[in-house]
Amino acid sequence: MRVIGLLIVIAFGSLLRYGVFFFPEWGDPASPASLHVSPHYIEEATAETAVPNLVTAVLADYRGYDTMFETTVIFAAGLACFMLLRVLQRQVPECRLYRHIPTGITLRIEKGGKLPTESGSFERIDANWVPHDLIIKTTARFITPFLQIFALYVIAHGHHSPGGGFQGGVILGAAIIMFAISYDLRRSIQRIGEQATAVLGSAGVLIYAGTGVLCMVLGADFLNYSALAGLMGVDPVMARSHSMLIVEIGVGVAVSAVMVWIYYNLSSAGRHDEGL
Amino acid sequence: MIWELDFIILTLVIFSGIAAITVKDLLSAAILFGAYSFMMCLLWAIMGAVDVAFTEATVGAGVSTVFFVAAVFHTTRNSKD
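Okay, so let's go over this structure. (Residues numbered from 1 in each chain as written. Chains lettered and ligands numbered in written order. Predicted model: local features only at pLDDT ≥ 70, side-chain atom pairs only at ≥ 80, totals over all residues. Heavy atoms only, no water.)

Let us look at the overall build of chain B. On a plain count of helices and strands, chain B comes out with three helices and zero strands. In chain B, the order of α-helices and β-strands from amino to carboxyl end is α-α-α. By residue count, 31% of the 81 residues in chain B fall in the buried class. In chain B, of all internal contacts separated by at least 6 residues, the share reaching a separation of at least 24 is 56%. On chain B, roughly 5100 Å² of surface is accessible, and the fraction owed to carbon and sulfur atoms is 74%. (Helix = DSSP H or I, 4+ residues; strand = E, 2+ residues; numbered from the N terminus. Buried < 20%, exposed > 50% of the residue type's maximum accessible area, 1.4 Å probe, protein only. Contact = heavy atoms within 4.5 Å. Areas by Shrake-Rupley, 256 points an atom, 1.4 Å probe, with all protein chains shown as cover.)

In structure tokens:
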């Protein structure tokens, strides 16, 4: 069986390698891709959309339909994790561990035992993973605001520099995930709940699709942003630039929320109680 | 493009890719996959695709490694079947 598998892999690998010979050279100006629409994008994008970063102009404007469904795919991934993993009935765990904060003593309370009151001198800790590291917690708390500001910068500055909704959204989500790892999952869920992530995830996709529908309502094609010029009070070129920002914000909101949502479900196996 | 740098990074990409699928321990595979993504990110940056490099760094080397580790955390060392 292994030999047959190896033969199939070699056969298809050499087929792919054979196909690569017909590719144009790297950076070849005479390749079909460089002759058809690329010159138009490279020469006209700044004049047509007032966006200096070509990649953003292509991603969010010329190929906006594509990016909308990429965002939808991300949202669908979050939804799939939720559907597959989430355990909705509340299960009481076998035992719970509590740390008495002043003395550092750990209490183990079996199922049915009396749990300590939420007075502040006890904190719940995970049964199999006990991250009690002052350095990690302090560092994470120190870095998080800078990380979030950087994420917002990446989203907002995507017109002028590399970056945009996807990258910024992932960094924003990663900041929250870092908080959840350095403290614990329950504390993170207290701050940004599961419902919030689900609502924000769908809201981001709706912002994107809503911008497109608004263009349709105003009489232009779906996602033809120049139709929004009258609404924004600017000329059609700037309207395209501003609409790209709106769309990028939608992508950023959706991606950051979905990353956190996936992390909640994956790390706790859908129980949202004890996790990584 | 500096071909020596390109060569070193490409070699590292291939080695970490092969190591990620051959290594027995799942956690090591997850970390190796993160290393693979990071090397790919450097390659994109060298080729001038900075946006793609940025995405690879955040999604490939960052969040997906965390997701892999979170999933590996719920596995056991010996399979039950």
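All names here are of chain B. Between helix α2 (residues 26–46) and helix α3 (residues 50–72), the shortest axis-to-axis distance is 8 Å and the interhelical angle comes to 175°. In terms of orientation, α2 lies roughly antiparallel with respect to α3. The segment α2 lies against α3, with Leu26, Leu27, Ala30, Ile31, Phe33, Gly34, Ser37, Phe38, Met40, Cys41, Trp44 and Ala45 engaging Val52, Ala53, Glu56, Ala57, Gly60, Ala61, Thr65, Phe68, Val69 and Val72. Of the residues belonging to the contact of α2 with α3, the class tally is 17 nonpolar, four polar and one charged. (Axes fitted to C-alpha atoms, helices over the stretch in contact; angles between N-to-C directions. Parallel < 35°, antiparallel > 145°, perpendicular 65-115°, else oblique. Nonpolar A, V, L, I, M, F, W, Y, C, P; charged D, E, K, R; others polar.)

This paragraph deals with the interface of chain A and chain B. Listed by partner, the interface residues are 24 residues for chain A and 16 residues for chain B. A buried area of about 1700 Å², summed over both sides, lies between chain A and chain B, and 81% of it is on carbon and sulfur atoms. At the junction of chain A and chain B, the tally comes to zero salt bridges. Of all the elements in the fold, those that place two or more residues in the side of chain A that touches chain B are α6 (134–156), α7 (165–182) and α11 (236–267) of chain A. The element contributing the most residues to the side of chain A that touches chain B is α7(A), with six residues. Classifying every residue of the side of chain A that touches chain B by side-chain character gives 17 nonpolar, seven polar and no charged. (Buried area = accessible area lost by both parts, 1.4 Å probe. Salt bridge = Lys/Arg side-chain N within 4 Å of Asp/Glu carboxyl O.)

Time to look at the pattern of salt bridges. All names here are of chain A. For the structure on display, the rule yields three salt bridges over all chains. Across the salt bridge formed by Asp61 and Arg240, the nearest N and O atoms sit 2.8 Å from each other. In this pair, Asp61 sits in helix α4 (residues 54–62) while Arg240 sits in helix α11, placing the two residues 179 residues apart along the sequence. Pair check on accessibility: Asp61 and Arg240 agree, each one buried.

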